[in-house]
Amino acid sequence: MKSQDIRKQFLQFFESKGHLIVPSAPIVLKDDPTLMFNNSGMAQFKEYFLGNAEPKSKRIADTQKCLRVSGKHNDLEDVGFDTYHHTMFEMLGNWSFGDYFKKEAIHWAWELLTEVYKIPKENLYVSVFEGNPDENVPFDQEAWDIWKSLIDEDRIILGNKKDNFWEMGDQGPCGPCSEIHVDLRSPEEKAKVSGKSLVNNDHPQVVEIWNNVFMEFNRKADGSLEKLPAQHVDTGMGFERLCMALQGKTSNYDTDVFTPLIEKVELITRLKYTSNEVKNISEEQNKTNIAIRVIVDHVRAVAFAIADGQLPSNTGAGYVIRRILRRAIRYGYSFLNTSEPFIYELVDVLANQMGEFFPEIKKQQQLVANVIREEEASFLRTLEQGLELLEEVITTTTTTTKSNEVSGTRAFELYDTFGFPKDLTALILKEKGMSFNENEFNTSMQEQKARSRAASEVSTEDWSVLVPGNVETFVGYDKTENEVKITRIRKVDSKKDGILYQIVLDATPFYPEGGGQVGDKGTLISANETIEIIDTKKENNLILHFTKQLPENLNAAFVAKVNTDLRTSTSKNHSATHLMHLALRTILGTHVEQKGSLVNPNYLRFDFSHFSKVSDNEIKQVEDFVNQQIEEQLQLVEHRNIPIQKALEQGAMALFGEKYGDSVRMIEFGESKELCGGIHVKNTADIWHFKIISEGAVAAGIRRIEAITGDAVKDFYNNQENTLADLKETLKNPQDILKSVVSLQDDNAKLKKQIEQLLREKAKNLKSELALELQEVNGIKFLAKQVDLNPEGAKDLAYELGNLGDNLFLVLATADENKPMLTCYISKELVASKNLNAGQVVRELGKYIQGGGGGQPFFATAGGKNVEGIKEALEKAVDFVK
């Protein structure tokens, strides 16, 4: 059975059981401060389990794109070494929100697996929770009894809290679970060892495929459990593992989920992958297999993340994506002999394979391939840099410590700063008969992880509910001030921000951060006090107002008052992004799509897909287009609850990577129509004026524009006017400023030429003087001296002296404008016969001037900060020829 059919059968089965089939949420979570990525099937339904929102159906089924890069089951550094763990995977799931419970969930799971998918019953084992007296949670007798009616009792396993009690996190909904495991071993292996003894023991062919979680408790901050008001079912079945079981394979990578990608890698690299059926493979073949598994796994994670709007970067979720991709690149580089980008070529295979069910990968195919190709090229260059730096570390180690062991701290610096892989460092060192201190490396790694954990550590108390029920609403589209009551509060303590309080209001006018727009700030005012609201965010369908203190009387009547100055400026920038989006699509082409935005009171930032730099003329056209829309005084047309299909039919722009409901909010300004939940001006005239202040690249095929509106534009032009006035005064108030500046430039160019000529003549004169100072050291003409020239003059002088013979070793130092520079020239004959290298010389001597550099074997330069170090650097130069 093909994987596409397996997926369809699952969804059809639960549709026949009254479930609403919903699409996968984006893999990247943009409006959940507790998670970067969708790491489980239930993540998009958290607000329903918490009781903060009502689902559109009490029964739902889906397949969810998930990404896990750390945790008890999925460590990024381990993916590829086994046959059944992944970074990105699909989680098939069925959900009951206060509807059916254990009986139906277990019976349907058994029916689907044994009657629809026809998995032999003798290959299945199930587990139930054994209970936990310490938490007053009893043995799950109900689940045991249900299973006993379906399966032989000796195939039911008791599981402990670690394996059979599922929790959303340190706090929140949780409950006992019942897992289903499949034994895929051969009959001969089954006869030797019972599958029951291998369950939950990391056997690659005895694996969990389905987990039925029965959510009936809430974990409080103090660790205690309380009963939830309703019982829920949350199930998750690993799609890749299910395909392995149904296709008669013993490895996920041998199923048609991965084989098309593997075949493409084989075609590109001309190396073969061996299936899990082949035994006793060589160590070299095993390394090839691991590398191919890493690449075909990681390209899925990276491609879907980019398609959902997350570009690789150096921070946050973008850093995780970059790290995953770089791991794939280095495995190709180290074990598949690939020194050119190739992973991007797999995107075409992935799009054809999964585009039917996940249309975003097909729609964004070209962009995804472009971004991956550029990231590959960039990191391959970094790897080359790392190789040079490693050579420097090796040279330093052998010459200074006379040891064959490189410092583990230095090896970690290469890994941490340049992403240079630990295993590649070990491989290169081994070839030279060296190693690095593994304990020091691991200590540095643990210290970094500890710092990272400490920086993001947050402890959250339980909610103190003052007004029960889902009474919270948002009134901020119509009001910036409203009478409110506090419905719940909680205390949050983080290393980053210290102690803060989160306050939820019944009818808040405060807009929570989302859709690129920052959250509102303002005040909460009662008869006796004023509390400052420093930020507003949304979490699990609750709007959280952040404060540094709580009101004395939580039950008092309050007025929630938004800072209208900040909101007005923000709304101008937000509306301008819509107008600019239309302008870019009109002027550059309809391939332009929004890929990210930031809207705050000071400026707007807009990322969009485009294949080349936006020219000055195109920027001017965009500005003129937007300002024309502003001058036309277009009225805001707002559709608060329009069916999404109707909005799309009317031409509204929907963004990939965003999660939309059945009803949406559509914002219109003339021809501009977008789905958007943010705050906008009532009329484009309110924006006043629009000005682009920068344009540049973010990634391959992604450009970024920053722009300003309103008062910020006034300030911009005032600054320009003041600068012009200062310039005019500096130039003694000429009648024609431009003509005066051009004249200065011409004079400056003439003077530069004269200076260059004088320096060349000075260098020629110095040549005669320095030729007399050459010393002979071991048959080599040697000179190390500081000269009164600029770096360019020193270079000319070095080449002039190089014409004197074929055995010259020269180090010249300059301190032009108090900036030390070392210039090294070595005759090419010496480079060949004595194995000397000017690049290594300046890198070593550069340490004395607190700098570094490089170049060719016969000519190299190094710049630094410490002029005082020149003397010692020149003194040490002779050591290279002794």
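Above this text sits the structure in question.
Quick look at the structure, then. (Residues numbered from 1 in each chain as written. Predicted model: local features only at pLDDT ≥ 70, side-chain atom pairs only at ≥ 80, totals over all residues. Heavy atoms only, no water.)

**Quick word on the overall build of the chain**
So, step 1. Broken down by element type, the chain carries 25 helices and 36 strands.
So, step 2. Counting over 882 residues, the chain shows a buried share of 49%.
So, step 3. Pairs at least 24 apart in sequence give 68% of the contacts found in the chain among residues at least 6 apart.
So, step 4. Total accessible area computed for the chain in this model is approximately 41500 Å², and 46% of it derives from carbon and sulfur atoms.
So, step 5. Each charge class in the chain was averaged separately, 104 positive and 131 negative side chains, and the resulting centres sit 2 Å apart. (Helix = DSSP H or I, 4+ residues; strand = E, 2+ residues; numbered from the N terminus. Buried < 20%, exposed > 50% of the residue type's maximum accessible area, 1.4 Å probe, protein only. Contact = heavy atoms within 4.5 Å. Areas by Shrake-Rupley, 256 points an atom, 1.4 Å probe, with all protein chains shown as cover. Lys, Arg positive; Asp, Glu negative; His and termini not counted. Charge placed at Lys NZ, Arg CZ, Asp CG, Glu CD.)

**A look at the packing of aromatic side chains**
So, step 1. Enumeration according to the criterion identifies 31 aromatic pairs in this entry.
So, step 2. Measuring from centroid to centroid gives 6.1 Å for F45 and Y48, while their planes differ by 25 degrees, and the two rings are stacked. When sorted by exposure, F45 lands in the same class as Y48, which is buried.
So, step 3. Of the aromatic side chains, those joined through ring pairs into one cluster are F45, Y48, F49, W95 and F97.
So, step 4. Over the ring of Y253 we find R293, and its NZ or CZ is 5.9 Å from the ring centre. (Phe/Tyr/Trp six-rings, centres within 6.5 Å; stacked < 30°, edge-to-face > 60°. Lys NZ or Arg CZ within 6 Å of the ring centre and 35° of its normal.)

**Side note on the layout of surface pockets**
In this approach the atoms are scanned with a rolling probe the size of a water molecule, which exposes any empty space left behind.
So, step 1. The space that makes up the second largest pocket amounts to roughly 300 Å³.
So, step 2. Surrounding the second largest pocket, 15 residues form its lining, T395, T399, Q840, E844 and F880 being those nearest its centre.
So, step 3. Every element with two or more residues in the lining of the second largest pocket is listed here: α13 (365-401) and α24 (838-845).
So, step 4. At 7 residues, α13 tops the list of elements feeding residues into the lining of the second largest pocket.
So, step 5. Of the residues contributing to the lining of the second largest pocket, the split by class is 3 nonpolar, 7 polar and 5 charged. (1 Å grid on protein atoms, 1.4 Å probe; cavity = no way out; pocket = protein on both sides within 12 Å on 5 of 7 lines; lining within 4 Å. Points joined across faces, edges and corners; volume = space filled by probe spheres on them. Nonpolar A, V, L, I, M, F, W, Y, C, P; charged D, E, K, R; others polar.)

**Brief notes about the nonpolar core**
Across soluble globular proteins, nonpolar side chains have a tendency to be buried as a group.
So, step 1. One finds W210 and I343 to be the most contacted residues of the largest nonpolar core, which totals 119 residues.
So, step 2. Element by element, the count of residues in this core is highest for helix α9 (residues 283-307), at 14 residues.
So, step 3. Excluding residues that lie within four positions of it along the chain, W210 makes contacts with F10, F14, N94, A109, L112, L113, S178, E179, I180, T235, G236 and M237.
So, step 4. Listed in part, the 41 residues of the second largest apolar core include C824, L830, L845 and A862. (Core = buried A, V, L, I, M, F, W, Y, C linked by side-chain atoms within 4.5 Å.)

**A closer look at the packing of helix α1 (residues 3-16) against helix α3 (residues 102-116)**
So, step 1. Closest axis-to-axis distance for the α1/α3 pair is 11 Å, and the angle between their directions is 135 degrees. By the angle between their directions, the pair α1 and α3 is classed as oblique. In terms of crossing hand, the pair formed by α1 and α3 is right-handed. Residues Q9, F10, F13 and F14 of α1 form the contact with α3, whose participating residues are W108, E111, L112 and V116. (Axes fitted to C-alpha atoms, helices over the stretch in contact; angles between N-to-C directions. Parallel < 35°, antiparallel > 145°, perpendicular 65-115°, else oblique. Left-handed = near helix turned anticlockwise from the far one by under 90°.)

**Observations regarding the pairing of strand β29 (residues 690-699)**
So, step 1. In this sheet, strand β30 (residues 702-709) lies alongside β29 in antiparallel orientation, the contact comprising 8 bridges. In the strand pairing of β30, E695 is matched with I705.
So, step 2. Between the end of β29 and the start of β30, which pair antiparallel, lie 2 residues, with G701 showing a positive phi angle near 80 degrees. (Pairing = 2+ DSSP bridges.)

**With respect to helix α11 (residues 346-354)**
Working note: α-helix, 3.6 residues per turn, so residues spaced by three or four point in the same direction.
So, step 1. Burial runs high along α11: 7 of the 9 residues are buried.
So, step 2. Those residues of α11 that sit buried are L346, V347, V349, L350, A351, Q353 and M354.
So, step 3. Looking at the buried residues of α11, the elements they touch are α1, β3 (88-97), α8 (259-269), α9, α12 (359-363) and α13.

**Focus: the packing of α9 against α13**
When two helices pack together, their arrangement is given by the angle between the helix axes and by the axis-to-axis distance.
So, step 1. Remark: α9 packs on α13, axes separated minimally by 9 Å, with the N-to-C direction vectors making an angle of 120 degrees. Overall, the two elements α9 and α13 adopt an arrangement that is oblique. Crossing of α9 against α13: the hand is right-handed. Within the contact between the two elements, α9 uses V299, V302, A303, I306 and A307 and α13 uses V368, V371 and I372.
So, step 2. Looking at the contact of α9 with α13 residue by residue, the class counts come to 8 nonpolar, no polar and no charged.

**Concerning the pattern of salt bridges**
Any two side chains of opposite charge can pair, on the condition that their charged atoms come close.
So, step 1. According to the stated counting rule, one finds 44 salt bridges in the structure shown.
So, step 2. One salt bridge in this structure joins E283 and K287, with 3.8 Å as the shortest N-O distance. With E283 and K287 both in helix α9, this residue pair falls 4 residues apart, about one helical turn.
So, step 3. Owing to a relative accessible area of 30%, K287 belongs among the partly exposed residues under this scheme.
So, step 4. Between R567 and D520 there is a salt bridge, with its nearest N and O atoms 2.7 Å apart. You can see R567 sitting in helix α17 (residues 564-587) and its partner D520 sitting in the loop between β18 (507-508) and β19 (522-525), a full 47 residues away along the chain.
So, step 5. Judged by its relative accessible area of 5%, D520 falls in the buried class. (Salt bridge = Lys/Arg side-chain N within 4 Å of Asp/Glu carboxyl O.)

**Quick notes on the sheet that holds β29**
So, step 1. Within the open sheet, the 4 strands sit side by side as β24-β25-β30-β29. Their pairing is antiparallel. The open sheet is flanked by β24 (594-599) and β29, the only strands paired with a single partner. Sheet twist, expressed as the mean angle between neighbouring strand axes with direction ignored, is 15 degrees.
So, step 2. Bridge analysis of β24 against strand β25 (residues 604-609) gives 5 bridges, and the strand direction is antiparallel. Residue pairing for β25: S597 is matched across the bridge by F606.
So, step 3. Packed on one face of the sheet, helix α20 (residues 710-730) meets β29 and β30 and runs near 85 degrees to β30.

**Overview of α13**
So, step 1. With 37 residues, α13 extends 52 Å between its outermost C-alpha atoms, agreeing within 8% with the 54 Å of an ideal straight helix rising 1.5 Å per residue.
So, step 2. In the segment just after α13, K402 is the residue with positive phi, at about 55 degrees. (Expected span 1.5 Å × (residues − 1).)

**Description of the sheet that holds strand β23 (residues 558-562)**
So, step 1. Read from one edge of the open sheet, 4 strands run β15-β23-β19-β20, paired in antiparallel fashion. Two strands close off the open sheet at either side, each with one partner strand: β15 (481-484) and β20 (530-533). Across the sheet, the axes of successive neighbouring strands diverge by a mean angle of 20 degrees, strand direction being ignored.
So, step 2. Where β19 meets β20, 4 bridges bridge the pair, whose relative direction is antiparallel. Opposite L524, over in β20, you have I531 as the bridge partner.

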